[in-house]
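# Structural description and commentary
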Amino acid sequence: MSAVNAVQNASLGEEIVRAINDLAAISEAGDNLTRTYLTQELRKAADLLLSWMREAGMSARLDAIGNVCGRYEGERPGAPCLMLGSHYDTVRDAGKWDGPLGVITAIACVADLNRRGKRLPFAIEIVGFADEEGVRFASTLLGSRAVAGTFDESVLNARDRDGVSMRDALVQFGLDPDHIGAAARTRRELLAYLELHIEQGPVLEAQDLPVGVVTAIAGATRLAARLTGMAGHAGTVPMALRRDALAGAAECIGAIEQFCRTDASGLVGTVGYLQGRPGATNVIPGEVSFTIDMRAPTDMHRKRAVADIVRQIEAIAKRRHLALQLDVTHENRTAPCAPWLKGQIAQAIEAEGFSVFELPSGAGHDGMAMIDIADVGMVFVRCRGGISHHPDEHVELADADAGARVLLRVIENFRPREG
């Protein structure tokens, strides 16, 4: 019995959990889940998703970049669509819910409509994006950027850790790298883009709520910093004469944490990588490299915060007589969720008997690319402990069911934006 054709009295949650487990069995790693772009395992996952889409009453195909695409026609064939989606690739040593929950829940909702013989005034399309995480070629949102028509063809020359270029990997996968543009859609084809996703954080759990309305997908700025001082003997250089790069980096990291802790508007900052050289117990560190990741619900807030942090780091380096190199390595704008879609999601949540709670997404999602061709809305589903990108990532069956019921209600009561 397929996951999307389960018996009528089974809950949507049971169908979804069954399918999540089936998809998670397809992995490059024996013990943990890893499914990266353009691998044999991704192709097996795509074939399984395509079969579920067809069983749910959809026409289904693989597009020019490897996205899994299904279409459930409306009352009038060829009508514009409400697009639902998420990604089916994973990070390394992943959890099984991040991405696939959105794709599988959307399929389960369409399967439910199909069982009841219900067609809507618009079509429904589901897209399982082939690469959101960016693990293999170090460039995120490849699948959704192709659909949005913003794919950067220079990425085709990027190579994975085995030296395989993305161009060659596409050919090995059975796709033509010169025809990626065929995956692009236009604004007139889409009424909106909706994504259901696990929260990947602890807020909904703290609120004791199974679902939430996403207000915006936070933009991010990433910087690479290098402080250079003077290495020296740990026993002979007096403290007042030292140019200790690691001590300077520690002060910078403390300043970043303090600055973000005192912000009341959702700013977060992370130093995720730190390396000191020469790295000996009895040598004063002469050079330290570290990264900074800054995120906020609005671009203006984030840019102001980055500018303030940069000024603080520059002041610390100057006072400590350290040379500073600071480079922006990544800049992604905030993607606000459309108020009219947030309203319809909130109505569905309330109708299912839950309190309406709004929260931003600190993690990136495919909606950041899709906003170029459609208004975007997101539903978050609670995950245990807020854990994600880890094998312990987990969603309770009742929460998976709640998310599905909310999404189905949004679909059935969807009202396109006027004007």
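About the cut-offs
- Residues numbered from 1 in each chain as written.
- Predicted model: local features only at pLDDT ≥ 70, side-chain atom pairs only at ≥ 80, totals over all residues.
- Heavy atoms only, no water.
- Axes fitted to C-alpha atoms, helices over the stretch in contact; angles between N-to-C directions.
- Helix = DSSP H or I, 4+ residues; strand = E, 2+ residues; numbered from the N terminus.
- Parallel < 35°, antiparallel > 145°, perpendicular 65-115°, else oblique.
- Left-handed = near helix turned anticlockwise from the far one by under 90°.
- Contact = heavy atoms within 4.5 Å.
- Phe/Tyr/Trp six-rings, centres within 6.5 Å; stacked < 30°, edge-to-face > 60°.
- Buried < 20%, exposed > 50% of the residue type's maximum accessible area, 1.4 Å probe, protein only.
- Lys NZ or Arg CZ within 6 Å of the ring centre and 35° of its normal.

### Description of the packing of helix H7 (residues 245-261) against helix H8 (residues 299-319)
- Two elements in contact, H7 and H8, have axes whose closest approach is 10 Å; the angle formed by their N-to-C orientations is 150°. What the angle tells us is that H7 and H8 run roughly antiparallel. Taken as a pair, H7 and H8 cross one another with a handedness that is right-handed. In contact with Gly248, Glu251, Cys252, Ala255, Ile256 and Phe259 of H7, H8 contributes Ala305, Asp308, Ile309, Gln312, Ile313, Ile316 and Arg319.

### Considerations on the packing of aromatic side chains
- On inspection of all chains with the given rule, the structure shows four aromatic pairs.
- Ring geometry for Phe129 against Tyr193: centres 6.3 Å apart, planes inclined by 55°, an arrangement best described as tilted. Note that Phe129 is positioned in strand E4 (residues 123-129) and Tyr193 in strand E5 (residues 190-198), a separation of 64 residues in sequence. You'll find Phe129 and Tyr193 in the same group, each marked buried.
- Note on Trp340 and Phe414: the rings are 5.9 Å apart at their centroids and 45° apart in plane angle, and the pair reads as tilted. Separated by 74 residues along the polypeptide, Trp340 in helix H9 (residues 339-351) and Phe414 in the segment after helix H11 (397-412) bring together distant segments of the chain. Assigned by exposure class, Trp340 and Phe414 land together as buried.
- A connected cluster of aromatic rings, assembled from ring pairs, spans Phe122, Trp340 and Phe414.
- Taking NZ or CZ as reference, Arg43 lies 5.2 Å from the ring centre of Phe173, over its face.

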